[in-house]
Structure formats: C-alpha cells, structure tokens
Amino acid sequence: MSPQPQAAVGAPLSRVDGRLKVTGQALYAAEHEVEGSVHAVIVDAAIGRGRITSIDSSAAEALPGVLKVLHHRNAPKLPYRDNAGSNNPPGRRLRVFQDDRVRFHGQPVAVVVATTLEAAQHGASLVKVGYDAEQTSTELAEAEPDEPARYARGDAEAALRAAAVRLDLTYRTARNHHNPMEPHATIARWDDDKLTVWDKTQWVVGTQTELAAVFGLETDAVRVISPFVGGGFGTALRCWPHVVAAALAARETKRPVKLVLSRKQMYLGTGFRPSYAYHLRLGSDRRGRLAAAVHELDAETSSYETFTESILAAGQMLYSMPDVTQRYRTVPLDLPTPLYMRGPGFQTASFVIESAMDELAHKLGVDPIELRRRNEPNEDESSGLPFSTRRLRECYAVGAREFGWDRRNPRPRATREGDWLIGRGMAAGVYDTARMPARAWARLDADGTALVEAAATDMGPGTYTSQTQVAADALGLTVRTVAFRLGDSLYPPTPPHGGSMTMASVGSATLDACNKVRRQAIRLAVEDRKSPLYGVAADDVVVRNGRLHRKNDPARGETYRRLLARNDRTHLEADGSFAPPSGPERHSFYGYNATFAEVAVDATLGLVRVRRVLGVYDAGRIISPKLADSQALGGMVGGIGTALLEHTVTDHRDGRIVNANLADYLVPVNADIPDLKAIYLDGEDREADPLGVKGLGELVMIGVAPAIANAVFNATGRRVRELPITAESLL
C-alpha cells in the first residue's frame, strides 16, 4: 500500500478544542449539569493516626437542606472486590467509611450531603468527631523500612575499593504535590443498579473497573465520563476515596451527588511525589571512566499500601559501568499513598545521578559534557539489548552549540554581573518509552467527514488535536473534517493517560482503525466498474483531501462522497488496535534529552533566578510541534518548581500538612519563568510503535532540576544536595 501523504502530522496546528476552552464551552467534571444534583462535602480526620471513638452529626442533620451524613457507623459495608484492570492496587486499599481506623491526617471520616453547597459546607463544620489518637509516624528517617528491592551486576563494593576516584554522597528531595488548576471533582448518579460518574480522571477505564469492584457490579454497569481534565500531572491516575464517597452518597440519598475537593483537600489524599533519602557512592578512574556505583535509597509510602516507582532504571542504563548495586526501600508512614507525578522515579534519580556526574567532572577537572561522552554505553547494560534509538551525543552537541556552552567558565564563582553570580549547568535526561494495548474505532460518513472514538483522556497535552492529526492523514482528510471523541468508558478501551504512553498507544490504535477504513474505501473503488479507479492496484491508490486517486496519476480518481453515494453506503467503519509485540523485548526503549540552564544568584541574599533553559530531545517523531513546545516549556516550568520552590511541609506531631494552599506551597509564576527553548532532533522510532513516536510529556521535565543545581554550583561554588534549593542553603 502506498504511503499516505502527510499534511497534518508534523504541522504546528492550534488545538482543535481550543475555542471550546477559551469560550468556556469545554465542560470539566464539576461543570456538567446533571438534573437533581445535590452537594457533598468531606469531613477530614483531625489526627494522623488512631481510632474514631464517637461521631455526633446531629447538629449537621438538623440544618435546613442537609439530607444525609454518612460515616463508618451508618454506611453500608461494600464488597471491595479485587478486579483486574482497576487503577487501584488490590488488597490494602483505603476503604471508605468501612471501619473506625484513621491512617493519616485528612482521611475522609464522613461526608455531608445537602441541597446546596453552602449547607453541605456548614454541615461538615458541625460534625463532631472524637478520637483516640496514637503516636504519628511521618518522618522518613525515623521509621522502619520495608524489605528492599535489589539489583546487582558485578561486584560494586570491590570495584569501588579499587577505584582511583570515589564519591560518597547523600541527596534528599522534598515531597511535591501535583497542584493542577482543576480540583478533583465527581458527580455520581445511580439509575437502578447502574452507576454513571462524571469525574476528573486520567483513566476512565481504570476508574470504571475500580468502582465496579468497590460496589460489586459488573464492569459494564458503570460508566465514567471525563471529556476534559484541567491538568493532572499524575494525580488523577487512580480512583481516590472521594470518588467512592460521592457514589456511595448518591446511592444512599437516591439523588445525583456532586463532590468537589477544596484546594486544601487536594493535599490530603490525592497523591504526591514521595520524599527520598538517596545515598550514592560512585567510583571512576582518573580519566572519568565509571567503574562502579552503589545506590541506596529510602522513599515514603503509606502504612496501608506500598507505592513504588521506576527510580532504579536510570542508574542501571544511563551510563556505562560494569558494576552496579541498588537497594530501594519503601518506608511505611502515616501518610496518604503517594502517586506518580510527572517524570515519576526518573525525575528524582536524574537529580541525584546528574548532580553526582557534575561533582565528578569538577573533581577530575573534566568538562561535564565530555565526562558524559566518555561513559556512553553501546547497549543497555541492564538487559544486554540494543537501544532502539539513542542520540544523546547529538543532544549534547546541538545543545552545547545553541546554548553557548563554550562560553561557560568552569571555575565556580568566576562570572559576575554586579551583585549577581552567574552560573551555567547541564544534565542528561532519560525516560522509559512506554506502550500499552489500546483500541479505537473510526467511521467515514457519506458526506466525507469522519468520526474517531477512544476512551482516552486529555489533561492538557492535546490528545484531541494529535489524534485528529493522525486520523486525518490516515484517512486522507483535512483536520477540520475529522472529529475525535474521548473521555467516555463507552468508547474503545485505552491505557492510562500517564507515563507518556498516549501518543504511542492510542495514536497507533487510531492509525490502525483509520488505515482500515481507508483501505475499505480503496477496495470498494478498485472493484467498482463505475469508478475511475476500477482495476487499479490497491497499492497504487492514495487519498488526499477526501479524494482517492492513483499515486502517479492524480487526475484519475474520485471523492469519498461520490464513491459512497454511488454504492449506497451511508458509512464505512472499522475497529483499530495496538499492542506491543508479545514475548521478550528485542530493544531497549527510552527517550533522551540534554538540558542546559543559566542562573543568577544574588551574592548577598542567596536568591536564585533562572535566566534561561534549553532542552534538546531525542523523542522520536514529533506529531505536533506546537503541542510539543507546550509540553516542553511546561516541563521546564515544573522542573524550575522542583529545583527552587516546591516543598510540602509536614507537622510531624500529627501529620498535618502546614502549607496545604497555593499561598504557602510555592509554584513558579510568570515572574519566575525565563527564556525557555526546546529543540527536537529529527527522527522516528519504528521499533517502538507504528507512528515512530516516543513519549515526551515526562521526558521534558527530567534533567531540569539537576541542570539548575549544577548551574548554581558553577555560580556560587556551593554544592546543594537537597531540593528545593533555598536561599538559606546558599548563605
């Protein structure tokens, strides 16, 4: 089959849903109008650990408009089956209103349902809860860790002892919260034994399966709708207790229930990037060839679930070294369960490994880029597999040229502009190229327009637009004649909208469905005696702007509309699918970057200002450059926040989060955002998926924090091994 002309893919198109968003027509979870809806407000636990000894809801229940107050003493017992495909881990989930245990500060202990939001809020303030409080454990360094996960190749301890140069370093990273613009919200409605929820979620299928498990329903008895998500960064990748509380309240009151979390409640039980204590010992020869590394890291998890993330992979494959040992321990604490946050695992590992590489380069007197070049592996040494693509050397070269790396003075504290110390730093980044099975459905109508559906999500990267671009080119249509629908569990199932897997997985399924429809049309044409294409080999036919024609004879052809009308066809349709090849992988799949940063540090006050950031990415085929830039610049902003501002502060006496608001939990604002630039290497990765794409959304954040930290060292001579970097740490 001749390759289709590509007019939409690769074009810097504006978002197809942009007008809906800027005019307020895009409906987010809390904005759907569901007839008869009432309001629910969660009552949060005021202790960090213990038991509920009493609940007095009489004052709340006496308020005009209050319909019900649900808690563990009057809520029905729920089955909580362990369903395959749920987006919650089995067995040890937090069970809403099922017992008197308090496992973390802010845990939902009751929900007040009322006819107005104001009545529900007032009622929640009147619920009196008595507790038998226990000693709370929320400090990483003072709790007993779980059994570690381990990895080893060679004999790292012996190799370290023999190494000419050794570093022994400990890094610490703060807990970070996702803080999307849209708060979590759920509207739940029961129709007999069927449940519909309008929810903020990054995985409608996972939420559907989890709710079916909780309420003992068949999966198809639950429908989840989420057409727009106002930012997620990972926080909406699972079904949280408030979603169950809304559905339970709706069932008990026999009314649709709307529950919207406050900004404070977003810190109390919807995930976070866990804090780490990361000890790294590194050894090399005097030319900087790495000999061995020992990674020992402890991370927060909750007392009722074990959360882990892919933090070990980068230390196994980013640089060549024969001997590596890793020990990864989770530490159960009286906290809610952490969750994946943009660049999960790799973001934290990158700060540690890339800061250590900069320390080693300084100790050896070697340029940081040259040190990395000397340790480029020929294969993935953790698996022995060849890389599908790996163009880090090119990322370094392009980045160094565009950033002006040759103008960097390698001597710390050597460059000054008045009261400001100027520094430049860089870091490499890597992220897994994830792909999972996905399905899509496509229909070509007799009027020459097309509809494509998949149960995907769009939390901001532009899924509507990128999928429309893929579909338009596969069908040979213009973008404006293709509609893509997502965010409904009635549509063909797709994987989570996280891990940078949507374009590779859903995009490949969309491509398959649309290719099948186009081929149906071509077959219809070449077999139709009345068609100008009758008798032409199907492989010689392409479609452009809705018109089928012979590849080397554009005059010989006809439109979809004419073809379908003549054959009395109202439409053509097909199901599409994608799945990574079964069996062992034949390649190692990752995306790569080189990030460069320039900072200015006030010599007296220790204030850090980022002046510019440049990222160069080996991310396969770029479907939409405009959307890619949006992702890259957003990732850089997130990296600036991690490096300099974001830090969740806990009162360890009771587990209360002290800065659970956007006044005290600092995130970057416009004044913090400098000159940002992204460059994408031309290329594709056909080993990964039919589109040749790699994930981009996670990759663009990884490497920003260590590049800034390394620039701060170059500016000041102070090596900060704890995030965020504060003025106090530089004074």
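Refer to the structure above for everything that follows.
Because the structure is a prediction, the values reported are computed rather than measured. (Residues numbered from 1 in each chain as written. Predicted model: local features only at pLDDT ≥ 70, side-chain atom pairs only at ≥ 80, totals over all residues. Heavy atoms only, no water.)

Our next topic: the pairing of strand S5 (residues 108-114). Buried residues dominate S5, accounting for seven of its seven residues. Where strand S1 (residues 38-44) and S5 come together, six bridges link them in antiparallel fashion. Its bridge partner being in S5, Asp44 is matched across the sheet by Pro108. Of the strand pairs in this sheet, strand S3 (residues 66-71) and S5 are connected by five bridges, and their pairing is antiparallel. Residue pairing across strands places Val66 opposite Ala114, the latter belonging to S5. (Buried < 20%, exposed > 50% of the residue type's maximum accessible area, 1.4 Å probe, protein only. Helix = DSSP H or I, 4+ residues; strand = E, 2+ residues; numbered from the N terminus. Pairing = 2+ DSSP bridges.)

Attention now moves to the pairing of strand S24 (residues 571-578). Side chains Leu572, Ala574, Gly576 and Phe578 of S24 all project onto a buried face; the interleaved residues His571, Glu573, Asp575 and Ser577 project onto a face where none is buried. Summarising the sheet, strand S18 (residues 438-445) and S24 pair through eight bridges and their orientation is antiparallel. Following the sheet pairing, Arg443 is matched in S24 by Glu573.

To continue, consider the nonpolar core. For soluble globular proteins, nonpolar side chains are generally found buried alongside one another. In terms of nonpolar packing, the biggest core is built from 92 residues, with Tyr319, Val599, Tyr617 and Ile708 touching the most fellow members. If one sorts the elements of this core by residue count, helix H8 (residues 346-364) sits on top with 10 residues. Tyr319 has contacts with Arg153, Leu290, Ile353, Glu354, Met357, Arg372, Asn375, Pro377, Glu381, Tyr396 and Ala428, leaving out every residue within four places of it along the chain. Residues Val452, Met503, Ala504 and Leu564 belong to the second largest nonpolar core, which totals 50 residues. (Core = buried A, V, L, I, M, F, W, Y, C linked by side-chain atoms within 4.5 Å. Contact = heavy atoms within 4.5 Å.)

All right, on to the pattern of salt bridges then. What the rule picks out here adds up to 40 salt bridges. With a shortest N-O distance of 2.9 Å, Arg719 and Asp358 are connected by a salt bridge. Here Arg719 is found in the loop between helix H15 (704-716) and strand S30 (722-723), whereas its partner Asp358 is found in helix H8, with 361 residues between them in sequence. Asp358 shares its class with Arg719; the two are buried. One salt bridge connects Arg401 with Glu402, and the closest N-O pair in it is separated by 3.3 Å. Each member of the salt-bridge network shares a partner with another, and the members are Glu417, Arg424, Glu598, Arg611 and Arg612. (Salt bridge = Lys/Arg side-chain N within 4 Å of Asp/Glu carboxyl O.)

Turning our eyes to something else, we now look at the sheet that holds strand S7 (residues 149-153). Where strands meet in a sheet, backbone hydrogen bonds hold them as pairs that are either parallel or antiparallel. The strand order S7-S15-S14-S13-S8-S30 describes an open sheet built from six strands, whose pairing is mixed. Each edge of the open sheet is held by one strand with a lone partner, namely S7 and S30. Inspection of the sheet shows strand S14 (residues 290-302) paired to strand S15 (residues 323-333) by 11 bridges, in the parallel sense. Pairing of Thr301 across the sheet is with Pro332, part of S15.

Glancing now at the sheet that holds strand S4 (residues 101-102). The strand order across the open sheet formed by three strands is S4-S2-S6, and the pairing between neighbours is antiparallel. Of all strands in the sheet, those with a lone pairing partner are S4 and strand S6 (128-133), marking the two edges. Note that strand S2 (residues 50-56) and S6 share six bridges and pair antiparallel. Bridge pairing in S6 places Ser54 opposite Gly130.

Now for helix H10 (residues 392-403). With 12 residues, H10 should reach 16 Å at 1.5 Å per residue; the first-to-last C-alpha distance of 16 Å fits that figure. Where H10 is concerned, the buried positions are Leu392, Cys395, Tyr396, Val398, Gly399, Ala400 and Phe403. Where H10 is buried, its residues contact helix H9 (368-374), strand S17 (420-432), strand S25 (590-602), strand S26 (608-618) and strand S29 (675-680). Following H10 by one or two positions, Gly404 has its phi on the positive side, about 80 degrees. (Expected span 1.5 Å × (residues − 1).)

Take the packing of aromatic side chains next. In total, this model carries 14 aromatic pairs according to the counting rule given. On the numbers, 5.4 Å between centres and 75 degrees between planes, the contact of Trp190 with Phe215 is edge-to-face. One end of the pair, Trp190, is in strand S9 (residues 185-191); the other, Phe215, is in helix H5 (residues 204-215), and 25 residues separate them in sequence. Trp190 gets classed as buried once you look at its relative accessible area, which sits at 16%. (Phe/Tyr/Trp six-rings, centres within 6.5 Å; stacked < 30°, edge-to-face > 60°.)

Moving on, we come to the packing of helix H14 (residues 625-644) against H15. It is the contact of H14 with H15, at a shortest axis distance of 8 Å, that shows an interaxial angle of 55 degrees. Comparing the axis directions of H14 and H15 gives the class oblique. As H14 runs across H15, the sense of the crossing is right-handed. Residues Gly635, Met636, Gly639, Ile640, Thr642, Ala643 and Leu644 of H14 touch H15, and the partners they reach there are Val704, Ala705 and Ile708. (Axes fitted to C-alpha atoms, helices over the stretch in contact; angles between N-to-C directions. Parallel < 35°, antiparallel > 145°, perpendicular 65-115°, else oblique. Left-handed = near helix turned anticlockwise from the far one by under 90°.)

Geometric values such as these leave the question of function open.
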